[in-house]
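# What the coordinates show
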Amino acid sequence: DQQVKQNSPSLSVQEGRISILNCDYTNSMFDYFLWYKKYPAEGPTFLISISSIKDKNEDGRFTVFLNKSAKHLSLHIVPSQPGDSAVYFCAASARGFGNEKLTFGTGTRLTIIP
Amino acid sequence: DAGVIQSPRHEVTEMGQEVTLRCKPISGHNSLFWYRQTMMRGLELLIYFNNNVPIDDSGMPEDRFSAKMPNASFSTLKIQPSEPRDSAVYFCASRRGRNSPLHFGNGTRLTVT
């Protein structure tokens, strides 16, 4: 039972354009969401997070949007750069309910085309 | 800050052998997590510890898997006996508190033949 779903295994975007990565979740108790970025042969690194009390969080070129009614979040990267080519994981937890476990999606491989 | 350190980076073993994966969390971090990454299931949580105490091991596949954290600076994940379906990348991660993001090690790629 995949509670966090990333339905696009891969995405290719031209350098300079916007990259949009999507994530859906099924557990209505999830109230904290994160995006991680992973390069080959390395562990995932934290990118950006959002709490369910917000619908948007921005950090430089990265913006995460949360639509609680649709149980959907997305990560926007503007403008996309070659160094953004990596696998992106969406993750969620029910932190407010005392559950510290982070549940991850299966990842989306983003390729930025120069 | 050396980050989370995992060893070995690669492990190739034969079916039936015992495998031990090691992890040193970041100093000062009080929570430690073991994850397994596969193509089909992505990153799955196996077990996590708070202050060296196992909190949730519901993700451990079966009795062949065990994890220990004897002190704040060391944890092991053991598979005995190993099977080919255990082949995956195993990640260890730590964090300072429940409101902090996880910091991952570079993983151990396990191949069981």
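What comes next is a walk through the structure. (Residues numbered from 1 in each chain as written. Chains lettered and ligands numbered in written order. Predicted model: local features only at pLDDT ≥ 70, side-chain atom pairs only at ≥ 80, totals over all residues. Heavy atoms only, no water.)

Within chain B, the secondary structure is distributed over 0 helices and 11 strands. The C-alpha radius of gyration of chain B comes to 13 Å, within 12% of the 13 Å expected for a compact globule of 113 residues. Once the C-alpha set of chain B is aligned to its principal axes, its extents read approximately 40 × 25 × 25 Å. A buried classification covers 47% of the 113 residues belonging to chain B. (Helix = DSSP H or I, 4+ residues; strand = E, 2+ residues; numbered from the N terminus. Rg over C-alpha atoms; globule rule 2.2 N^0.38 Å. Buried < 20%, exposed > 50% of the residue type's maximum accessible area, 1.4 Å probe, protein only.)

Taken together, the side chains of Ile18(A), Ile20(A) and Val78(A) define a hydrophobic patch exposed on the protein surface, amounting to about 230 Å² of accessible area. For Ile18(A), a relative accessible area of 42% gives the class partly exposed. (Patch = residues over 30% accessible without salt bridge, like charges linked within 9 Å, V, L, I, M, F, W, Y side chains within 5 Å. Areas by Shrake-Rupley, 256 points an atom, 1.4 Å probe, with all protein chains shown as cover. Salt bridge = Lys/Arg side-chain N within 4 Å of Asp/Glu carboxyl O.)

This paragraph deals with the state of the cysteines. A disulfide bridge is the covalent bond that connects two cysteines by way of their sulfur atoms. All names here are of chain B. Overall, the coordinates contain 2 disulfides over all chains when judged by the stated rule. Covalent S-S linkage joins Cys23 and Cys92, the inter-sulfur distance amounting to 1.9 Å. Because the torsion about its S-S bond is -65°, the bridge between Cys23 and Cys92 counts as left-handed. Here Cys92 lies in strand β9 (residues 88-95) and Cys23 lies in strand β3 (residues 19-24), a separation of 69 residues in the sequence. (Disulfide = S-S within 2.5 Å.)

Now for unusual backbone geometry. All names here are of chain B. Note that the residue after Ser7, namely Pro8, is joined by a cis bond; omega there is -10°. With respect to the element layout, Pro8 can be found in the loop between β1 (5-7) and β2 (10-13). Following Gln80, the chain continues to Pro81 via a peptide bond in cis, the omega torsion being -5°. Counting through the fold element by element, Pro81 comes out in the loop between β8 (74-79) and β9.

Here we take up the sheet that holds strand β3 (residues 19-25) of chain A. All names here are of chain A. In space, the 5 strands of this open sheet follow the order β1-β3-β8-β7-β6, with antiparallel pairing throughout. Edge positions in the open sheet fall to β1 (4-5) and β6 (56-59), since each of these has one partner strand only. Pairing between β6 and strand β7 (residues 62-67): 4 bridges, direction antiparallel. Its bridge partner being in β7, Lys56 is matched across the sheet by Phe65. (Pairing = 2+ DSSP bridges.)

With that settled, the discussion passes to the pairing of strand β7 (residues 65-71) of chain B. Residues and elements named next belong to chain B. For β7 and β8, the ladder comprises 5 bridges, and the chain directions are antiparallel. The residue bridging Phe65 from the neighbouring strand is Ile79, located in β8. Turn length for the β7-β8 hairpin, with the two strands adjacent in sequence and antiparallel, is 2 residues.

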